[in-house]
Amino acid sequence: MPVEISIVAWAMVLLLVHIFAAAHVKTKQYGTTWNMGARDENLPPLDPVAGRLMRAQANFQETLPIAIVALIGVVVVGKTSELTALGGWIWLGARILYMPLYGLGIPKVRTLVWLTSLVGLGMALWPLLRF
């Protein structure tokens, strides 16, 4: 199995971590009744950590489709390489670091990690952009 497929699978695990981390802190703030209910009521703003984890999840979900297309795309067209694998691992590793950095409210380093993830994403996507 190409390593790029494994990276996509691990990205799905990371997506679940994002979902459950954000849900956990929201449930901690709003309670289990809210979590198990219809969630129709108006709620106070999220605490800072919960808000940051929600934004980190949204940010991950914004680049995830690009990563899926890049990583599966190079497999489908037969353009996998050490560069696409390295790019995928760089993207995934940076995204793993990004969530706690954002959750803890660490500025600047978080942005550098995000930029690093984009470099990895570009490395994985590049073979699909060349004619």
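Peer 1: Honestly, the overall build of the protein chain in this entry has me stumped. Any pointers?
Peer 2: Across its full length, the protein chain holds 5 helices and 0 strands. When burial is assessed residue by residue, the protein chain has 37% of its 131 residues classed as buried. On the protein chain, the mean spot of the 10 positive side-chain charges and the mean spot of the 6 negative ones are 7 Å from each other.

Peer 1: Is there a simple way to think about the packing of aromatic side chains in this case?
Peer 2: Here the distance between the centres and the angle between the planes together describe a pair of aromatic rings. Inspection of the entire model under this criterion finds 3 aromatic pairs. Centre to centre, the rings of Tyr98 and Tyr102 are 5.6 Å apart; their planes meet at 85°, and the pair counts as edge-to-face. Within this pair, Tyr98 and its partner Tyr102 are both found in helix H4 (residues 82–103), separated by 4 residues, close to a single helical turn. For the pair Tyr98 and Tyr102, a shared accessibility class is recorded, and that class is buried.

Peer 1: Help me out: how do you make sense of the packing of helix H3 (residues 48–76) against helix H5 (residues 109–129) in this one?
Peer 2: Packed helix pairs are specified by the crossing angle of their axes together with the interaxial distance, meaning the distance between the axes. Running from N to C, H3 and H5 cross one another at 30°; their axes reach a closest spacing of 8 Å. Considering the angle they form, H3 stands roughly parallel to H5. Where H3 crosses over H5, the handedness of that crossing is left-handed. Between H3 and H5, the contacting residues are Asn59, Thr63, Ile66, Ala67, Val69, Ala70, Leu71, Gly73 and Val74 on the first element and Trp114, Leu121, Ala124, Leu125, Pro127 and Leu128 on the second. Of the residues in the contact of H3 with H5, the class split is 12 nonpolar, 3 polar and no charged.

Peer 1: Please explain helix H1 (residues 3–30) as it appears in this structure.
Peer 2: Look at H1: 40 Å from first C-alpha to last across 28 residues, which is about the 40 Å you get at 1.5 Å a residue. Among all positions in H1, only Glu4, Ile7, Val8, Ala11, Leu14, Leu15, His18, Ala22, Val25, Lys26, Thr27 and Tyr30 are buried. Where H1 is buried, its residues contact helix H2 (32–36), H3 and H4. Phi turns positive one or two residues past the end of H1, at Gly31, with a value near 100°.

Peer 1: It is not clear to me how the environment of Lys79 should be interpreted in this structure. Could you clarify?
Peer 2: Looking at the element boundaries, Lys79 is found in the loop between H3 and H4. Look at Lys79 and you get partly exposed, because its relative accessible area is 36%. The residues touching Lys79, leaving out its near neighbours within four places in the chain, are Val74, Thr84, Pro127 and Arg130. At 3.3 Å, the side chain of Lys79 and the backbone oxygen of Pro127 are in polar contact.

Peer 1: In this structure, what is going on with the environment of Ala21? I would like to understand it.
Peer 2: For Ala21, the location among the structural elements is in helix H1. Residue classification places Ala21 among the partly exposed residues on the basis of a relative accessible area of 21%. Remark: the alpha-carbon pair of Ala21 and Ala50, spanning 29 residues in sequence, is separated by 8.7 Å. If we ignore the near neighbours within four places in the chain, the residues touching Ala21 are Leu53 and Met99.

Peer 1: Before we go on, may I ask you to explain the confidence of the model for the protein chain in this structure?
Peer 2: Low pLDDT means the predicted atomic positions in that stretch should not be read closely. Residues at a pLDDT of 70 or more form 99% of the protein chain, whose mean pLDDT is 96. H2 is the least confidently modelled element of the protein chain, averaging 89 in pLDDT, while H4 averages 98, the highest of any element.

Parameters at a glance
- Residues numbered from 1 in each chain as written.
- Predicted model: local features only at pLDDT ≥ 70, side-chain atom pairs only at ≥ 80, totals over all residues.
- Heavy atoms only, no water.
- Helix = DSSP H or I, 4+ residues; strand = E, 2+ residues; numbered from the N terminus.
- Buried < 20%, exposed > 50% of the residue type's maximum accessible area, 1.4 Å probe, protein only.
- Lys, Arg positive; Asp, Glu negative; His and termini not counted.
- Charge placed at Lys NZ, Arg CZ, Asp CG, Glu CD.
- Phe/Tyr/Trp six-rings, centres within 6.5 Å; stacked < 30°, edge-to-face > 60°.
- Axes fitted to C-alpha atoms, helices over the stretch in contact; angles between N-to-C directions.
- Parallel < 35°, antiparallel > 145°, perpendicular 65-115°, else oblique.
- Left-handed = near helix turned anticlockwise from the far one by under 90°.
- Contact = heavy atoms within 4.5 Å.
- Nonpolar A, V, L, I, M, F, W, Y, C, P; charged D, E, K, R; others polar.
- Expected span 1.5 Å × (residues − 1).
- Polar contact = N/O pair within 3.5 Å; in protein donor to acceptor, adjacent residues only side chain to side chain.
- pLDDT = per-residue confidence, 0-100.

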